[in-house]
Amino acid sequence: QRIAVARLLLLKLGLDGADPRWSSSVLGRLTEVVLSAPGASVGDLFNALFEIFRDYPAELSNELANFVKDLVIQCHTSHRASYDSVDWLAFAQTISETATQPQLYLVLHAVPPNLISPKLAALIASGLQDTAFREETAGFRAA
């Protein structure tokens, strides 16, 4: 249920397309609402966003990429204990060859680098190679 609520809140920001609309204050309030549920963690937000990116495959636009970065920064800085408690290894293991570009970008920024396997790194690099964000995967290609 927590992921379903997070999903609805994220969809209200237009994340079912390539042009989401948000502000830092809106993102802060959204995060607080999601985390106010008993047993909630920022993992609920990331899992909901991952599902949205699967169910509404969109081009990886600058706006979508900026949203992902803002969410990661917001959760990492304002909710560090919750962020650190997420099972990022399990999250990373859900990625397959059918992952969308926004899903790959989310993993690239949210999952701690030490938990990204060489296979996943190659998948991210190849999945984003034809985008404006390919330079962000340069370390993966060099490894």
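Residues numbered from 1 in each chain as written. Predicted model: local features only at pLDDT ≥ 70, side-chain atom pairs only at ≥ 80, totals over all residues. Heavy atoms only, no water.

### Some thoughts on the packing of aromatic side chains
- Enumeration over the complete set of coordinates arrives at 7 aromatic pairs.
- Seen from their ring centres, Phe46 and Tyr83 are 6.1 Å apart, and the 80° between their planes marks the pair as edge-to-face. With a gap of 37 residues between them, Phe46 in helix H3 (residues 42-55) and Tyr83 in helix H5 (residues 80-85) connect regions that are remote in the sequence. Assigned by exposure class, Phe46 and Tyr83 land together as buried.
- Arranged with centres 5.0 Å apart and planes meeting at 45°, the rings of Tyr83 and Trp88 form a pair that is tilted.
- Grouping aromatic residues by their ring pairs yields a cluster made of Phe46, Phe50, Tyr83, Trp88 and Phe91. (Phe/Tyr/Trp six-rings, centres within 6.5 Å; stacked < 30°, edge-to-face > 60°. Helix = DSSP H or I, 4+ residues; strand = E, 2+ residues; numbered from the N terminus. Buried < 20%, exposed > 50% of the residue type's maximum accessible area, 1.4 Å probe, protein only.)

### Points about helix H7 (residues 101-110)
- For H7, the buried fraction is high: 8 of the 10 residues fall into the buried class.
- Of all the residues in H7, the buried ones are Pro102, Gln103, Leu104, Tyr105, Leu106, Val107, Leu108 and Ala110.

### Brief notes about the pattern of salt bridges
- A full pass over the atoms with the stated rule returns 7 salt bridges.
- Across the salt bridge formed by Arg7 and Glu51, the nearest N and O atoms sit 3.5 Å from each other. With a gap of 44 residues between them, Arg7 in helix H1 (residues 2-11) and Glu51 in helix H3 connect regions that are remote in the sequence.
- According to the relative accessible area criterion, Arg7 is buried, its value standing at 17%.
- With a shortest N-O distance of 3.2 Å, Arg80 and Asp84 are connected by a salt bridge. Note that Arg80 and Asp84 are positioned in helix H5 at a spacing of 4 residues, about one turn of the helix.
- One connected set of salt bridges, linked through shared partners, spans Arg7, Glu51, Arg54 and Asp55. (Salt bridge = Lys/Arg side-chain N within 4 Å of Asp/Glu carboxyl O.)

### Considering the environment of Ser24
- In this fold, Ser24 is placed in helix H2 (residues 24-35).
- Measuring from C-alpha to C-alpha, the distance between Ser24 and Ser96 comes to 31 Å, with 72 residues separating the pair along the chain.

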